[in-house]
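Now for the letters of each chain:
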Amino acid sequence: MEHHHQPPHPPSPSAMDPNSKPPTPSSTPTARLSSATSTWPPSPSGAPPRATASSASSAPSTPASHTVYSDRFIPSRAGSNLALFDLPAPSPAGAGASAGSAASPYCTLLRAALFGPDTPDRLASSAAACSSSSPAGYPASGNIFRFKAEVPRNAKRALFAGGTDDEDLRFPGIFTAKGAGPRKIPRSPYKVLDAPALQDDFYLNLVDWSSHNVLAVGLGNCVYLWNACSSKVTKLCDLGAEDTVCSVGWAQRGTHLAVGTNQGKVQIWDATRCKRMRTMESHRMRVGALAWNSSLLSSGSRDKNILHHDLRAPDDYISKLTGHKSEVCGLKWSYDNRQLASGGNDNRLFVWNQHSTQPVLKYTEHTAAVKAIAWSPHLNGLLVSGGGTADRCIRFWNTTTNTHLSSMDTGSQVCNLVWSKNVNELVSTHGYSQNQIIVWRYPTMSKLVTLTGHTFRVLYLAISPDGQTIVTGAGDETLRFWNVFPSPKSQSADSLSSIGGTSFVRSYIR
């Protein structure tokens, strides 16, 4: 048998009502009591307690002993365009409190960027959509994911892509990211050096830039060193009246310079002491191409041979590479020092490994001499080459898969190619008939800029150790310095390399 016991004091009405809501800070004690008071005791039939008007009116209006706070956070929607989300407009009571914040410039810009400008047409269409979305007699739906007007695409683009011209006009300086848009490359050299007796010979390589920021230039029978930091010029060597300089090449450490001569000699010089360390007389004709691989020096000659010289060995050369049918005029080791690319006047491009004496890859697509050769520092096995006057094409090769990737007709003789270390771009210099310098973006091969100024073929090209500046030389006996690539950290062309300032300077290299 069940025993019922009448409690001495009735429990709180809010605890008995299962439909009651937790109190909020905005509610008063009187409102809580009057909304939740029910008839007590319960009816004998066991029906749940039911609130009545009489009981609500007869409930005592004594205030609560303490205030109960809720953990709910209700954000303020003042200043929001609620019509887009099919939400009712804020009450007039809360509008006055946030009128100042909603009218602030930040809120105005943010609202315009998110929802677009408040044009009369858009406001009218949003209001009509809001009124038509709810049935008669029912309040507007609270479904915030049912949009009535799409956010303008240009506004989304302004938030996530740096802005467009329209956003820049409406919100100057708000959405435009620093450095956005195409990089601006100066079209004029910031420095010009006069280089008397700089030969106008397509098959020679008379300019190279060391890792210590020293430029080596072969002028006639002499080699001069130009310090890019101090602009100091030093005469390294004089070959005498019987011989001339045909090529120069710095070792990776930047302390030793190789010099190829017209008589087939290869000399090694210590640039810090201006002292000749060694002379190797292995070629029978002039040496027009040099390439370093650590302590291994490769030399290409008009005698059609490529020789490997190990400076640690007593012999003049340790191996001979044969395969070209004419003068070797281009020679470059890959960045991993595993592959050597050679180009010749026989229109051939060969690839060798460290131990081969015969080419492992042969490319015969060029129809003119191949002097311009460059390996990509960004992708292993990516090789680019350029052909002479009868070819005029830049071709890309994948030496890993032995495939010809693409070709670009430049319209002019391709004299030199060099790849940027900082960005995936390359620069080419040209001869007949436009004598231009072109900066390309890879792999689209879109032209970033075309630089002009030389009056002869731009036969010589070298890049600074920081990868930002190139120097070009031509038969007009000038060396011109151009800022074409961004710095490796900022990827911006605003900063110049440590060579000089932005002001135009012209001086002599000797």
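As a reminder, the structure under discussion sits directly above these lines.
Undergrad: Before we move on, could you go through the pairing of strand S19 (residues 382-387) and cite the residues and values that matter?
TA: Burial runs high along S19: six of the six residues are buried. Burial along S19 is two-sided: Leu382, Val384 and Gly386 and Leu383, Ser385 and Gly387, pointing in opposite directions, are all buried. The sheet contact formed by strand S18 (residues 370-375) and S19 spans five bridges and is antiparallel. In the strand pairing of S19, Ala374 is matched with Val384. Relative to strand S20 (residues 393-398), S19 is paired through five bridges, and the arrangement is antiparallel. Bridging across to S20, Gly386 finds its partner in Ile394.

Undergrad: Account for the side chain of Thr472, with residues named and values stated.
TA: Mapping Thr472 onto the fold places it in strand S27 (residues 469-474). For Thr472, the side chain forms a polar contact with the side chain of His454, separated by 2.8 Å. In terms of polar contacts, Thr472 uses its side chain to reach the side chain of Trp482, at 3.0 Å. Those residues in contact with Thr472 that sit more than four places away from it in its chain are Thr429, Ile437, His454, Val458, Tyr460, Leu461, Thr478, Leu479, Arg480 and Trp482.

Undergrad: If you had to explain unusual backbone geometry to someone new, which residues and values would you point to?
TA: In this chain, Tyr432 is followed by Ser433 through a cis amide linkage whose omega measures 10°. Looking at the secondary structure, you find Ser433 in the loop between strand S23 (425-430) and strand S24 (437-441). Of the consecutive residues Tyr442 and Pro443, the connecting peptide bond is found in the cis state with omega at 10°. Mapped onto the elements, Pro443 comes out in the loop between S24 and strand S25 (446-451). Positive phi values are uncommon outside glycine, yet Asn337 reaches one of about 60°. Within the secondary structure, Asn337 is located in the loop between strand S14 (328-333) and strand S15 (339-344). By relative accessible area, Asn337 is classed as partly exposed at 22%. With phi around 65°, Glu477 is a residue other than glycine that occupies positive phi space. Mapped onto the secondary structure, Glu477 falls in the loop between S27 and strand S28 (478-483).

Thresholds applied
- Residues numbered from 1 in each chain as written.
- Predicted model: local features only at pLDDT ≥ 70, side-chain atom pairs only at ≥ 80, totals over all residues.
- Heavy atoms only, no water.
- Buried < 20%, exposed > 50% of the residue type's maximum accessible area, 1.4 Å probe, protein only.
- Helix = DSSP H or I, 4+ residues; strand = E, 2+ residues; numbered from the N terminus.
- Pairing = 2+ DSSP bridges.
- Polar contact = N/O pair within 3.5 Å; in protein donor to acceptor, adjacent residues only side chain to side chain.
- Contact = heavy atoms within 4.5 Å.

In short, shape yes, function no, at least from these values alone.
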